[in-house]
Amino acid sequence: MKVVTMEIKGKGDDYFYYRLLSLLKKRIPYPIKEISRLRKSVYLIKSEPFWFIVKGYPSYQKLKTQEAFTNSLLQEGFAETYRFYVFKKEPIIIDQQVFGIMEYIKPSEKIFSYANKSNRKEAIGLLEKYYKTSENLVDIYKYIIPEHNMMKKWLERREQFKRNIPIIRYFLDEQYIQCIEYWTDWSLESLEKDKSCFLEGKKVVLHGDVAHHNFLHGKNNCLYLIDFDLISIGPKSVDYVQLANRFLLHINWSFSQLEKMPVFNELVKNKAFLSALVYPSDLLREWNRCIRQKNFSKKVLENYMIPLTTNQFAKRKKFADQIIQLTKII
């Protein structure tokens, strides 16, 4: 009898792992050697001769949409992502989550980071290839994948942040909160006057979460785009304003560096795109999440939330002031 090694994380996890193992044995036609948790609802399955990733989705429909969409990308020639495997028709369901089985891409020792200039260039190149492919899929998926509404999302995020301010005041000085509110209000008011950049133009299937951790350098030196959980339909400028916001953290909030990059050198000529760059999406998102999850541990607050807000604050403020002045002359 072969032994299966399971990485158990806490009380109750053992029961979940044994249920998952039992179901996987019925679905995967290979002997399973080891199961380990990578992050919430994502597991690495080591079998012989193949390894797999098993990931949980909130519904069967979500899983099937992911399976169909990634398969469509591959069929259209976008090879830089994973494929799903369906060994049997019966889904794997545990605790109201539906689990899909997907290809394991062996990672390179080279870590992908937006702090690396060449990695930023690679990300832009891969996204452009992805959009060129996904624009061909819009008509197929327009009744399955939602239309993106950036303004609705950003307005909701602002309102949630404002409701959270009484709690945030326990951790942040008033000067920071006032600046965050001002940037948020100014950006949204400017976008209300002109949001054409995020409404017009050719539609693509947006990735929705262009964080560095959704790019993966494979052992074969190929760069892969992963995790399409937040896909929606809209102009690619929606993803690019998010990408710019993430890049700026690694280029000292330098507008001159941003405008030299491919794609951004044209986008920054658009007043609406500039206005969106002032919106402090990362700060609102992370503070709202922290309070929603009631995660007020010293590790989270002192090692992440407060440094995220304060470490580059002066540079962020200088950048926001520069953008606000630029929009007056465009």
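Source: prediction; values computed, not measured.

Parameters at a glance
- One numbering rule holds for all chains: residues counted from 1, following each sequence as written.
- The predicted nature of this model means local features are confined to residues of pLDDT at least 70 and side-chain atom pairs, given and counted, to a pLDDT of 80 or more, with totals for whole chains, interfaces and linings taken over all residues.
- The basis for every side-chain value is the complete set of heavy atoms in the structure, and neither hydrogens nor water enter the calculation.
- Here, nonpolar core means buried Ala, Val, Leu, Ile, Met, Phe, Trp, Tyr and Cys residues that are tied together by side-chain atoms lying within 4.5 Å of each other.
- Per-residue accessibility, obtained with a 1.4 Å probe over protein chains only, is compared with the maximum for each type, and a residue is labelled buried under 20%, exposed over 50%, and partly exposed between these values.
- By the criteria applied, helices consist of DSSP H or I runs no shorter than four residues and strands consist of E runs no shorter than two, each listed in order from the N terminus.
- Should any heavy atoms of two residues lie within 4.5 Å, those residues are considered in contact.
- A pocket here means an open set of points on a 1 Å grid, computed over the protein atoms alone, that has protein on both sides within 12 Å along at least five of seven lines. A cavity is instead a set of points where a 1.4 Å probe fits but cannot get out; residues with an atom within 4 Å of a point line either one.
- Grid points are joined across faces, edges and corners, and a volume is the space filled by probe spheres set on the points.
- We call Asp, Glu, Lys and Arg charged. Ala, Val, Leu, Ile, Met, Phe, Trp, Tyr, Cys and Pro are nonpolar, and the rest, Gly among them, are polar.
- Any Lys or Arg side-chain nitrogen found within 4 Å of a carboxyl oxygen on Asp or Glu counts as a salt bridge.
- Inter-axis angles, ranging from 0 to 180 degrees, are taken between N-to-C directions of lines fitted to C-alpha atoms, where helices are fitted over the stretch in contact.
- Angle categories: roughly parallel below 35 degrees, roughly antiparallel above 145, roughly perpendicular from 65 to 115, and oblique for all the rest.
- Working rule for handedness: look at the near helix, and if it is turned counterclockwise from the far one by less than a right angle, call the crossing left-handed; if clockwise, right-handed.
- Strands are labelled as partners when DSSP assigns at least two bridges between them.

Asker: I tried to follow the nonpolar core on my own but got confused; where do I start?
Answerer: A general feature of soluble globular proteins is that nonpolar side chains tend to end up buried together. Within the largest apolar cluster, 90 residues are counted, with the highest numbers of intra-cluster contacts made by Phe69, Tyr130, Phe198, Phe264 and Phe273. Looking at this core element by element, the count peaks at eight residues for helix α6 (residues 174-193). Beyond its immediate chain neighbours, meaning those up to four positions away, phenylalanine 69 contacts Tyr130, Leu137, Tyr141, Ile145, Val205, Phe228 and Ile231. Counting residues in hydrophobic clusters, the runner-up holds 17 residues, among them Tyr17, Ile28, Tyr43 and Val54.

Asker: Help me understand empty space enclosed by the protein in this model?
Answerer: Vacant regions in the atomic arrangement are exposed by a probe of water-molecule size rolled over the atoms. By the definition in use, this model includes two cavities of 30 Å³ or more. Computed from the structure, the largest cavity encloses a volume of approximately 150 Å³. Around the largest cavity sit 16 residues that line it, and Glu67, Val86, Lys88, Glu90 and Phe99 are the ones nearest its centre. Mapped onto the lining of the largest cavity, the elements with two or more residues apiece are α2 (60-75) and β7 (97-103). Looking at the lining of the largest cavity, the element that brings in the most residues is α2, giving four residues. Taken as a whole, the second largest cavity spans an internal volume of roughly 40 Å³. Trp183, Trp253, Leu277, Val278, Tyr279, Pro280, Arg316, Phe319 and Ala320 are the residues that line the second largest cavity. Those elements that provide at least two residues to the lining of the second largest cavity are α10 (271-278) and α13 (313-327). Tallying contributions element by element places α13 first for the lining of the second largest cavity, with three residues. Here the lining of the second largest cavity is built from residues that sort into eight nonpolar, no polar and one charged.

Asker: Is there a simple way to think about the pattern of salt bridges in this case?
Answerer: Should the charged atoms of two oppositely charged side chains come close, the side chains can pair. Taken as a whole, this structure holds 26 salt bridges when the rule is applied. With a shortest N-O distance of 2.9 Å, lysine 55 and aspartate 229 are connected by a salt bridge. Linking lysine 55 in strand β4 (residues 51-57) with aspartate 229 in the loop between β10 (223-225) and β11 (232-235), this pair joins segments that are 174 residues apart in sequence. With relative accessibility at 6%, the residue lysine 55 sits in the buried group. Of the charged contacts, one joins glutamate 156 and lysine 152 as a salt bridge, the two residues approaching to 2.9 Å between their closest N and O atoms.

Asker: Help me understand the layout of surface pockets, please; the structure alone is not making it clear to me.
Answerer: Estimated volume of the second largest pocket: approximately 350 Å³. Taken together, 16 residues form the lining of the second largest pocket, with Leu38, Arg39, Ile53, Leu216 and Ile226 sitting closest to its centre. Secondary structure elements with two or more residues in the lining of the second largest pocket: β2 (32-39), β4 and β7. Split by residue class, the lining of the second largest pocket holds 10 nonpolar, two polar and four charged.

Asker: It is not clear to me how unusual backbone geometry should be interpreted in this structure. Could you clarify?
Answerer: Glycine aside, residues mostly have negative phi, and peptide bonds are mostly found in the trans state. The linkage connecting glutamate 48 with the following residue, proline 49, adopts the cis geometry, with an omega of 15 degrees. Within the secondary structure, proline 49 is located in the loop between β3 (42-47) and β4. Phi at valine 263 is positive, roughly 80 degrees, even though this residue is not glycine. Take valine 263: it is sitting in the loop between α8 (255-259) and α9 (264-267).

Asker: Explain the packing of helix α5 (residues 150-168) against helix α11 (residues 281-292) to me, please; I cannot follow it from the model alone.
Answerer: How two helices sit against one another is set out by the angle between their axes and by the gap between those axes. Contact pair α5 / α11: the axes reach a minimum separation of 9 Å and the direction vectors enclose 55 degrees. Comparing the axis directions of α5 and α11 gives the class oblique. Crossing handedness for the pair α5 and α11: left-handed. Contacts from Trp154, Arg157, Arg158, Gln160, Phe161, Asn164, Ile167 and Ile168 of α5 reach α11 at Ser281, Leu284, Arg285, Trp287, Asn288 and Ile291. Classifying every residue of the contact of α5 with α11 by side-chain character gives seven nonpolar, four polar and three charged.

Asker: What is the right way to read the pairing of β4 from this model?
Answerer: Put simply, side chains in a regular strand alternate between the two faces of the sheet. Here β4 lies mainly inside the structure; six of its seven residues are buried. As judged from the five bridges shared by β3 and β4, these two strands associate in the antiparallel manner. Bridge pairing in β4 places tyrosine 43 opposite valine 54. Turn length for the β3-β4 hairpin, with the two strands adjacent in sequence and antiparallel, is three residues.

Asker: Could you clarify how one ought to interpret the environment of isoleucine 306 in this entry?
Answerer: Here isoleucine 306 lies in helix α12 (residues 298-310). The residues contacting isoleucine 306, other than those within four sequence positions of it, are Phe171, Leu301 and Asn311.

Asker: Would you take a moment to explain the packing of helix α3 (residues 117-134) against helix α7 (residues 237-248) for this structure?
Answerer: Between α3 and α7, the least distance of the axes is 12 Å, while the angle of their chain directions is 170 degrees. Overall, the two elements α3 and α7 adopt an arrangement that is roughly antiparallel. Along its contact with α3, which presents Arg120, Ile124, Leu127, Glu128 and Tyr131, the element α7 presents Asp239, Tyr240, Leu243 and Phe247. Looking at the contact of α3 with α7, its residues break down into six nonpolar, no polar and three charged.

Note that all results are geometric; they support no functional claim without further evidence.
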